[in-house]
Amino acid sequence: EFLARPEPMNSQIKLTTNEIVFYKQRQIETDAKIIVLDAYARSKQYSDLFQSDVQIHEFHQPPNWSVQLIRFNTSKAKLNKWENAQLEAFFTKIAEVNEFQKMVVFTHKSFVARVEETIEQLNLGRQITVDYFYKGRGSNSYESYDAAMVLGSAEPNPNDLLAKCR
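The structure reproduced in this document is the subject of the present report. Quick caveat, the model's predicted, so the values are computed rather than measured. (Residues numbered from 1 in each chain as written. Predicted model: local features only at pLDDT ≥ 70, side-chain atom pairs only at ≥ 80, totals over all residues. Heavy atoms only, no water.)

## Some words on the environment of Ile56
As for its position among the elements, Ile56 is in the loop between helix 1 (43–50) and helix 2 (76–81). Here Ile56 falls in the partly exposed class, since its relative accessible area comes to 36%. On a C-alpha basis, the gap between Ile56 and Tyr46 in space is 9.9 Å, while along the polypeptide they are ten residues apart. (Helix = DSSP H or I, 4+ residues; strand = E, 2+ residues; numbered from the N terminus. Buried < 20%, exposed > 50% of the residue type's maximum accessible area, 1.4 Å probe, protein only.)

## Notes on the nonpolar core
Core analysis: the biggest nonpolar cluster contains 18 residues, and Phe91, Ile128, Met149 and Leu151 have the highest contact counts within it. At the level of elements, helix 3 (84–97), strand 3 (103–107), helix 4 (112–121), strand 4 (128–132) and strand 5 (147–151) are the ones that each hand at least two residues to this core. In terms of residue count, the dominant contributor to this core is helix 3 (four residues). Once residues lying within four places of it in the same chain are set aside, the contact partners of Phe91 are Val105, Val115, Thr118, Ile119, Leu122, Leu124, Ile128, Met149 and Leu151. (Core = buried A, V, L, I, M, F, W, Y, C linked by side-chain atoms within 4.5 Å. Contact = heavy atoms within 4.5 Å.)

## Looking at helix 3
With 14 residues, helix 3 should cover 20 Å at 1.5 Å per step; its first-to-last C-alpha distance of 20 Å lies within 8% of that length. What helix 3 keeps buried is the set Leu87, Phe90, Phe91 and Ile94. Burial along helix 3 is one-sided: seen end-on, the buried residues are contained in an arc of 85 degrees. Of the residues in helix 3, the exposed ones pointing more than 90 degrees away from the buried face are Ala85 and Glu96. (Expected span 1.5 Å × (residues − 1). Arc of directions from axis to C-beta.)

## Details of the packing of aromatic side chains
Geometry of an aromatic ring pair is reported as the spacing of the ring centres plus the angle between the planes. Following the criterion strictly, the structure yields four aromatic pairs and no others. Seen from their ring centres, Trp82 and Phe90 are 5.3 Å apart, and the 55 degrees between their planes marks the pair as tilted. You'll find Trp82 and Phe90 in the same group, each marked buried. Ring centres of Phe106 and Tyr142 lie 5.8 Å apart, and the angle between their planes is 85 degrees; on these two criteria the pair is classed as edge-to-face. Placement of Phe106 in strand 3 and of Tyr142 in the loop between strand 4 and strand 5 is noted, with a sequence separation of 36 residues between them. Owing to a relative accessible area of 24%, Phe106 belongs among the partly exposed residues under this scheme. In textbook terms, an aromatic cluster arises when at least three aromatic residues are bridged by ring pairs, as seen for Trp82, Phe90 and Phe91. (Phe/Tyr/Trp six-rings, centres within 6.5 Å; stacked < 30°, edge-to-face > 60°.)

As structure tokens, then:
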């Protein structure tokens, strides 16, 4: 009840060149102290929403990780051309040169079944989990895993997007 405000505020429709955004009516007491946890922290969005200046505070936790870059073309088109033997050799090598208890492999949705099948054939199913880009976004499902691999590019193919829009 402390947050309640007698009359609605910031009820509006905002038109931009890319989208129509509807801010539904809110009844938020303007003197209330609010903490918003947002991974993307877009101050303008919150300033517009609350019709007030918003202070962004970022807390950086230094990572405790090592990054290994393997220069390899893993575009969706290239991955689809891989023979099963190439995929097996790739994951065999990954398992040999990397020390991990549990690893998650993020790849294209259409490629998940092939990767899972390969991992099972190599008896790595207890160590390696496969997921596709954006599926578990925001869930922290893999926070206990000690390794992650990105196999492919999380960026959508512009031609796929155009085909879906037609």
